[in-house]
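Single-letter residue listing:
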Amino acid sequence: MSYAQKAERRVERRRGWSLARRDALFGYLFISPQVLGFLVFVVGPIVAVFVFSLSERNLLTGQSTFVGLENYAWMFTADPVFRKVLVNSLVFTAGLVPLNIVLALVLALLLSRRRPGVTLFRTLFFAPVVTSAVAWAIVWRFMLQNESGTINQLLQLAGIDGPNWLREENWAMASVIVTRVLKNVGLNMIIYLAAIQGIPREYGDAARVDGANGWHVLRHVTIPMLAPTTLLITIITIVGSMQVFDHILLMTGGGPANATMVLVYYIYQQGFEFFATGYASSLSVILFIVTLGLTLAHWLLRGRER
Amino acid sequence: MSSLSANRRLGAVLWFASLLLLALPFVFPFWWMITSSLKSASEVFAFPPTILPETWQWRNFVDVFGYQPFARQYFNSLYIAALVTAGTILVSSLAGYAFARIRFPASSLIFLLLLSALMMPSEVTIVPNFFFMTFLGWVNTHIPLIVLPIFGANGVVGTFLMRQFFLSLPGEIEEAAMIDGLGRFGIFWRIALPIARPALGALAIISFLFSWNLFLEPLVFINDLELFTLPLALNNFTDNYGLPIWHLQLAATTLSVLPVLVVYIIAQRQVVESFAMSGVKG
C-alpha cells in the first residue's frame, strides 16, 4: 500500500461520525463569541426597543408606564415635528441619492481610462471617505458661515451676495446634502470603477464599428451594462442616507426651525435631549422597519444579479 | 492625421481640466483646514481671505493641548481603536472561519441571522443599549465604545468579510494539515490565519477607522472631558457662548485627520480595496 493510499484511509477513518460531531462542536465554539455578543448587544436591544416603544419611559429616572400604541398614535396623527422629520428625511434622500450616483458615475467614467494622473485623482476623490464625518462637517461649517465664511467671501470677490447657507431653511438642506455627497461619493465611484473595468472592451468596439459615437456607446452599452451595480449602489446609498446624524448635528444642529431634522437626529433628540426614551424607541422601530425593508430589497436584487 | 492627434490632445486637456474642476470641492476643504489652523483668531476671518497664513501661528497646535485634555483624548481614541481592531479580528476571523469551513447544524441559519443586521444602524438600538449599559455600570466608561463595535455592525461586516475569504481556501490544504495531525484550532491558527493576512489587513483598516470616527456612541455614553474621544473633543472647542473657537478647532481637527490621511496616501490601494470589499456603507 502506498503512502498516499494509507493517508487516504486515515482521513477516511477520521471522517467517522464522532469526528464530525467533534468538528461541529468546534464550529459552535468558534462562532460563540460573535453570536453571543450579537444576541446580547444587538438582538436583545432590538427586542427591547419594540417593548420600550409601548411605554412612556424617562431616561433619567428610568420610570416607565405602559401606554400601548399611544406613542405610534401620537407619532402619526398629532406630532407635527414627526411629519416634518419624515418629509425632511425623504427630501434628504431624494436629493442625496441621485446626486451621489450621477457624480459617482461621472467620476468613474472619467477615471476609467488609462492616463497619467488617474491614480492621483482617484486618491483625491476618495480622501473624504476615510476622513471622519465630524472633521468634514467642522471644516464645511467653517467655510459656509454667513459673512465671514470662506465660500461667501469668495462669492463676494466675484460680486455675488451669498446666502446664509446654514441658517436659511432651503439652503441649509441643500448644504448638508451637497457636503454629504462630497464626503461619500468616492466609495460609489470605486464600486462603479470596478464594474466598468469588468465590461468587455469588445462591446464598445463593436458598437463603434457599427458607427456609434462615444455618447451612443455610453448611453446604449456602458450604462445598461452597469444597471445591476446602479441598483445595488442605490439601495446602499439610501440606507446610508437614512443613517445620517453626526454630519447634520455638527453642521446645522437640525435647524433652522427643524428644517434639517432627520429621523436619526430626532431619535437622539427625543431620547437624549428630551429624555423621552419611550417615544424615541417607537421612532427607532420605524427606522428598524425601513432599514429591514431596504435590506430585503438589497438581497432580492443581489439574488437576481447572480 | 494631424487634426486627429490635435483632437486627441484637446480631448486630453478637456479631460484633465474637468477633473481638476471637479476635484476642487474635495481638496479645498483639506487645504483650508490646514492653512486656517495656522492662522491667528482674527486672520481666520480676514477679508479678502489669505491663501497662506500671513503669520504662521504654530502656537495654535500647542494651545490645543491647553484648552482641554487633548493629549489624553487623543490617546483614548488611539487605544480604543486599537482594542476594537484586535477584538474584531479575533472574533470575526474565528466566526468567519467556522461559517466557511466547518459543517455544523444550523450554520447557514445562524449566518443569515447575522447577515440581516449587516445594514442595521446602531441608532436603532442606542436607547435600549443605554439602559443596558447603565444597568451594567458601563456608562461613562470606554467599555461600550469597545464592545459595541466588536459585536455590532462592524463585527458582522468583519465576519462576513472573513467568511468570504475562507470560502476561497482550497480544501486540500486543510486535509494535508489534518494528516499532519493538526486539530481544528491548529489548522485555524497555523494554516488559515497566516494565509488570510490580506483579508485581516482589510478588516483591520475598516475596524480602526470605524472606531476612530465613531460619534453617536461616545456622545451618548461619555460625560467626562478626560474620557472624550477625538470626534467629541473636536466638537468641544467652543467659547462660553457655545460658538466655535475656529483656529483651535481647526488645529485640533488637522491633528486628528492628518495621521489618517498620511497612512491613506501611503497605503492608498489597500485602504480603497478594504472599503470596496466591505462595501456596505453609504
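Residues numbered from 1 in each chain as written. Chains lettered and ligands numbered in written order. Predicted model: local features only at pLDDT ≥ 70, side-chain atom pairs only at ≥ 80, totals over all residues.

Glancing now at the overall build of chain B. For chain B, the helix and strand inventory stands at 14 helices and zero strands. For chain B, the succession of helices and strands along the chain, N to C, is α-α-α-α-α-α-α-α-α-α-α-α-α-α. Against the globule reference of 19 Å for 282 residues, chain B gives a C-alpha radius of gyration of 24 Å, more extended than a compact globule. In chain B, which comprises 282 residues, the proportion classed as buried is 44%. Residue pairs in contact within chain B that sit at least 24 positions apart in sequence constitute 76% of those at least 6 positions apart. (Helix = DSSP H or I, 4+ residues; strand = E, 2+ residues; numbered from the N terminus. Rg over C-alpha atoms; globule rule 2.2 N^0.38 Å. Buried ≥ 20, exposed ≤ 12 C-beta atoms within 10 Å, placed from the backbone. Contact = placed C-beta atoms within 7 Å.)

The number of helices and strands found in chain A is 14 helices and two strands. Across the 306 residues in chain A, those meeting the buried criterion constitute 40%. Here the contacts in chain A between residues at least 6 apart in sequence split such that 68% fall between residues at least 24 apart.

Attention now goes to the interface of chain B and chain A. Contact residues are listed per partner, giving 82 residues for chain B and 77 residues for chain A. Broken down by element, the residue count for the side of chain B that touches chain A peaks at 13 residues, all from helix H1 (residues 2-36) of chain B. Looking at the side of chain B that touches chain A, its residues break down into 60 nonpolar, 17 polar and five charged. (Nonpolar A, V, L, I, M, F, W, Y, C, P; charged D, E, K, R; others polar.)

Right, let's get into the confidence of the model for chain A. On average, residues of chain A score 88 in pLDDT, and 93% of them reach the 70 mark or higher. For chain A, helix H1 (residues 3-14) of chain A is the element with the lowest average pLDDT, namely 58, and helix H4 (residues 80-111) of chain A is the one with the highest, namely 95. (pLDDT = per-residue confidence, 0-100.)

With that out of the way, let us pick up the nonpolar core. Grouped together as the largest cluster of nonpolar side chains are 151 residues, with contacts concentrated most on Met189(A), Val262(A), Leu263(A), Val264(A), Tyr265(A) and Leu287(A). In terms of residue count, the dominant contributor to this core is helix H3 (residues 70-101) of chain B (12 residues). Residues contacting Val264(A), with those up to four places away along its chain left out, are Gln243(A), Val244(A), Phe245(A), Leu287(A), Pro121(B) and Glu123(B). (Core = buried A, V, L, I, M, F, W, Y, C linked by C-beta atoms within 7 Å.)

The next thing to look at is the environment of His142(B). Residues and elements named next belong to chain B. Tracing the backbone shows His-142 in the loop between helix H5 (126-136) and helix H6 (143-151). Classification of His-142 by C-beta neighbours within 10 Å gives partly exposed; the count is 17. Separated by 105 residues in the primary sequence, His-142 and Ser-37 have C-alpha atoms spaced 29 Å apart. Those residues in contact with His-142 that sit more than four places away from it in its chain are Asn-76, Ile-80 and Leu-227.

What follows concerns helix H13 (residues 263-273) of chain A. All names here are of chain A. A large share of H13 lies buried, amounting to nine of its 11 residues. Burial in H13 covers these residues: Leu-263, Val-264, Tyr-265, Tyr-266, Ile-267, Tyr-268, Gln-269, Gln-270 and Gly-271. Phi turns positive, to about 60°, at Phe-275, one or two residues after H13.

Right, let's talk about the packing of helix H2 (residues 60-67) of chain B against helix H13 (residues 246-266) of chain B for a bit. Packed helix pairs are characterised by how far apart their axes lie and by the angle those axes make with each other. Residues and elements named next belong to chain B. Relative orientation of the contacting elements H2 and H13 amounts to 95°, with a least axis distance of 9 Å. Classified by the angle their axes make, H2 and H13 are roughly perpendicular. Note on element contacts: H13 touches H2 through His-247, Leu-248, Ala-251, Ala-252 and Leu-255, opposite Asn-60, Phe-61, Asp-63, Val-64 and Tyr-67. Considered class by class, the residues forming the contact of H2 with H13 number seven nonpolar, two polar and one charged. (Axes fitted to C-alpha atoms, helices over the stretch in contact; angles between N-to-C directions. Parallel < 35°, antiparallel > 145°, perpendicular 65-115°, else oblique.)

Right, let's get into the packing of H4(A) against helix H8 (residues 169-197) of chain A. All names here are of chain A. Two elements in contact, H4 and H8, have axes separated by 6 Å at closest approach and are oriented at 40°. Between H4 and H8, the crossing angle belongs to the class labelled oblique. Pair H4 / H8 crosses with right-handed handedness. Residues that form the contact of H4 with H8 fall into these classes: 19 nonpolar, four polar and one charged. (Left-handed = near helix turned anticlockwise from the far one by under 90°.)

As a further point, take unusual backbone geometry. With an omega dihedral of -10°, the bond running from Gly255(A) to Pro256(A) counts as a cis peptide bond. Tracing the sequence through the fold places Pro256(A) in the loop between helix H12 (246-251) and H13. Of note in this structure, Ala106(B) is not a glycine but carries a positive phi near 70°. Mapping Ala106(B) onto the fold places it in the loop between H3 and helix H4 (107-115). Of the residues examined, Ala106(B) has 12 C-beta atoms within 10 Å and is grouped as exposed. Of note, the phi angle at Asn140(B) is positive, near 60°, even though the residue is not glycine. Locating Asn140(B) in the fold gives a position in the loop between H5 and H6.

This part takes up the environment of Gln243(A). Locating Gln243(A) in the fold gives a position in the loop between helix H11 (227-242) and H12. For Gln243(A), a count of 22 C-beta atoms within 10 Å corresponds to the buried category. Sequence-wise, Gln243(A) and Thr291(A) are 48 residues apart; in three dimensions their C-alpha atoms are separated by 9.4 Å. Dropping the residues within four chain positions of it, Gln243(A) is found in contact with Val264(A), Pro121(B) and Glu123(B).

Another point: the confidence of the model for chain B. Per-chain confidence: chain B averages 90 in pLDDT, with 97% of residues scoring 70 or above. Across the assembled chains, the prediction reports ipTM 0.91 with pTM 0.90.

Turning our eyes to something else, we now look at the environment of Leu182(B). Residues and elements named next belong to chain B. By the element assignment, Leu-182 lies in the loop between helix H8 (171-179) and helix H9 (184-195). Residues Leu-182 and Val-156, spaced 26 residues apart in sequence, show a C-alpha to C-alpha distance of 28 Å. Sequence-distant contacts of Leu-182, defined by excluding residues within four places in its chain, comprise Ala-177, Ile-187 and Arg-190.

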